[in-house]
Amino acid sequence: MKKVFRKKTAVLILCSMILAVAVNCPGLFVSAATVFVSDGNSYDEGYIFIGESHMQIASFAMQQDALGNIPGLDGVRYSIFVDSSVVANDRGDPGTFTMSGNLFFVYEGTERTEELQKQISKEYIYSDGAGKQGGAVQKIHTIIDTNPNIAHWNIISFHGANSALKGSQEIADYYVASYRNWIDYEFPDADIYLLPQSTMTKNFKVFCRGNEDVFNRTLEAAFPDQYLDIMPFFWEHYPQGLSEQIRRGL
């Protein structure tokens, strides 16, 4: 029963995130350093989302009240504070994003430089099950280590949009191998969820209508208990796809 609750809450956060991103928030292209801190409150559940540039957008699109509570999501608190304490971009704008609460987003940044290339590469989610880790895995461990006040973690990977575009079985198998190591070695006490790709690009209809969808089919077959099929929700709210949002700058 408890796992059903966790999964339901993870899905609600995801749906809230998709609606906020698709409707409210333009793309933000900035150099970034993400910093994760504890707010000192006790939580039964924590939620970590991993992705590509859409995670940076989502981190600012989430709607929360003055206390950090997200409307409609009981027990989920989120805060992000932006300053220049670690990083500023070339224009001098703040680029340090400090997160706290029990909801976190993992990303590097969306400047067209090394940061973006790092977070969109398949190596970002890599784990060999023996200590070699990609950047996202390192950040997840940092979040968990700096938030001992959170009893249980739910890790939701929304990563792979650029990899899915290649339609490669080899790349899909690469993700499967790493995610197995997430489950067995990196985060054995967490619940891991995997999301279909690619929902935030102009190629959405190609990959989520079942045409040459090697990436998603492979993940779903390998992880039937972890794979979250969000397509019914998406097509209910956006039957036309995201083409209009893309034209507006998403």
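Note that the structure is predicted; figures quoted are calculated from it, not measured.

Q: With reference to specific residues and values, describe the confidence of the model for the chain.
A: Looking at the chain, the pLDDT average stands at 80 and 73% of residues meet or exceed 70. Scored below 50 in pLDDT, residues 19-29 shows 34 contacts in the model against residues more than four places distant or in partner chains. Predicted confidence for residues 199-212 stays below pLDDT 50, and this span has 40 contacts to residues more than four positions away or in other chains.

Q: For the packing of aromatic side chains, give the residues involved together with the corresponding values.
A: All chains considered together, the criterion is met by 13 aromatic pairs. With centroids separated by 6.0 Å and ring planes inclined at 75°, the aromatic side chains of Phe-36 and Phe-104 adopt a geometry described as edge-to-face. Of this pair, Phe-36 sits in strand E1 (residues 33-36) while Phe-104 sits in strand E5 (residues 103-106), and the two are 68 residues apart along the sequence. Comparing Phe-36 with Phe-104, the two get one shared label, buried. In textbook terms, an aromatic cluster arises when at least three aromatic residues are bridged by ring pairs, as seen for Tyr-126, Tyr-174, Tyr-175, Tyr-179, Trp-182, Phe-187, Phe-215 and Phe-223. Sitting above the plane of the Tyr-174 ring, Lys-122 keeps its charged end 5.1 Å from the centroid.

Q: Quick one: what's the story with the packing of helix H6 (residues 169-186) against helix H8 (residues 214-222), residue by residue and with numbers?
A: Two numbers describe how H6 lies on H8: the axes approach to 9 Å, and their chain directions differ by 35°. Where H6 crosses over H8, the handedness of that crossing is right-handed. Residues Gln-169, Ala-172, Asp-173, Tyr-175, Val-176, Tyr-179 and Arg-180 of H6 form the contact with H8, whose participating residues are Val-214, Phe-215, Thr-218, Leu-219 and Ala-222. Looking at side-chain class alone, the contact of H6 with H8 contains eight nonpolar, two polar and two charged residues.

Q: Explain the side chain of His-159 residue by residue, including any values.
A: Position of His-159 relative to the elements: it lies in the loop between strand E6 (150-157) and helix H5 (161-164). On the basis of relative accessible area, His-159 is assigned to the buried category, the value being 1%. A distance of 3.0 Å separates the side chain of His-159 from the side chain of Tyr-175, its partner in a polar contact. Those residues in contact with His-159, other than ones at most four positions away along the chain, are Ile-50, Gly-51, Glu-52, Gln-119, Ile-120, Ser-121, Tyr-124, Ile-125, Tyr-175, Tyr-179, Gln-197 and Phe-215.

Q: Got a sec to walk through the sheet that holds E1? Specific residues and values, please.
A: Taken in spatial order, the three strands of this open sheet run E1-E4-E3, and their pairing is mixed. Edge positions in the open sheet fall to E1 and strand E3 (78-88), since each of these has one partner strand only. On average, each strand axis in the sheet is tilted by 30° relative to the strand beside it, whichever way the strands run. As paired elements, E1 and strand E4 (residues 94-101) share four bridges and run parallel to each other. Along E4, the bridge assignment pairs Thr-34 with Phe-97. In this fold helix H2 (residues 53-61) packs onto E3 and E4, with an angle of close to 120° to the strand it touches most, E3.

Q: I'd love a proper account of the sheet that holds E5, names of residues and values included.
A: Paired through backbone hydrogen bonds, the strands of a sheet run either parallel or antiparallel to each other. The strand order across the open sheet built from four strands is E5-E2-E6-E7, with neighbouring strands paired in parallel fashion. Where the open sheet ends on each side, the last strands, each with one partner, are E5 and strand E7 (191-194). Adjacent strand axes in the sheet meet at a mean angle of 20°, parallel and antiparallel pairs treated alike. Looking at chain direction, strand E2 (residues 43-50) and E5 are connected through four bridges and run parallel. What sits directly across from Ile-50, in E5, is Val-106. Where H2 meets the sheet, it contacts E2 and E5, and its direction lies at approximately 150° from that of E5.

Q: Which residues make up helix H4 (residues 135-146), and what are the values?
A: End to end, H4 covers 17 Å across 12 residues, agreeing with the expected 16 Å (1.5 Å per residue, within 8%). When we look at burial in H4, the residues that qualify are Gly-135, Ala-136, Val-137, Lys-139, Ile-140 and Ile-143. Looking at the packing, one finds that the buried side of H4 touches E1, E2, E5, helix H3 (114-120), E6 and H6.

How each quantity is defined
- Per-chain numbering applies: the sequence of each chain, read as written, is numbered from 1 onward.
- Note on the predicted model: pLDDT of at least 70 is required for a residue's local features to be given, and 80 or more for side-chain atom pairs to be given and counted; whole-chain, interface and lining totals, by contrast, use all residues.
- Hydrogens and water molecules were not included; the side-chain quantities draw on all heavy atoms of the structure.
- Residue-level confidence of the predictor is what pLDDT reports, using numbers from 0 through 100.
- Two residues form a contact once any of their heavy atoms are found within 4.5 Å.
- Geometry of aromatic contacts follows a simple scheme: Phe, Tyr and Trp rings, the Trp one being its six-membered ring, pair when their centres are within 6.5 Å, and the pair is stacked under 30 degrees between planes, edge-to-face over 60, tilted otherwise.
- Helical segments are the DSSP runs of H or I of at least four residues, strand segments are the runs of E of at least two, and each set is numbered from the N terminus.
- Categorising residues by exposure relies on relative accessible area from a 1.4 Å probe, with only protein chains included: less than 20% of the type maximum marks a residue as buried, more than 50% marks it as exposed, and the intermediate range marks it as partly exposed.
- Counted as over-ring charges are cases with an Arg CZ or a Lys NZ within 6 Å of the ring centre that also lie within 35 degrees of the ring normal.
- Every axis in this analysis is a line fitted to C-alpha atoms, fitted for helices over the stretch in contact. Angles between the N-to-C directions lie between 0 and 180 degrees.
- A clockwise turn of the near helix away from the far one marks a right-handed crossing, whereas an anticlockwise turn of less than a right angle marks a left-handed crossing.
- Side-chain classes follow a simple rule in which Ala, Val, Leu, Ile, Met, Phe, Trp, Tyr, Cys and Pro form the nonpolar group, Asp, Glu, Lys and Arg form the charged group, and the remainder, Gly included, forms the polar group.
- N or O atoms within 3.5 Å of each other form a polar contact, as long as, within protein, one can give a hydrogen and the other can take it, and as long as residues adjacent in sequence are counted only when both atoms are side-chain atoms.
- Pairing between strands is defined by DSSP: at least two bridges between the two strands are required.
- Under the convention used throughout, the expected extent of a helix is 1.5 Å for every residue step, that is, one less than its residue count.

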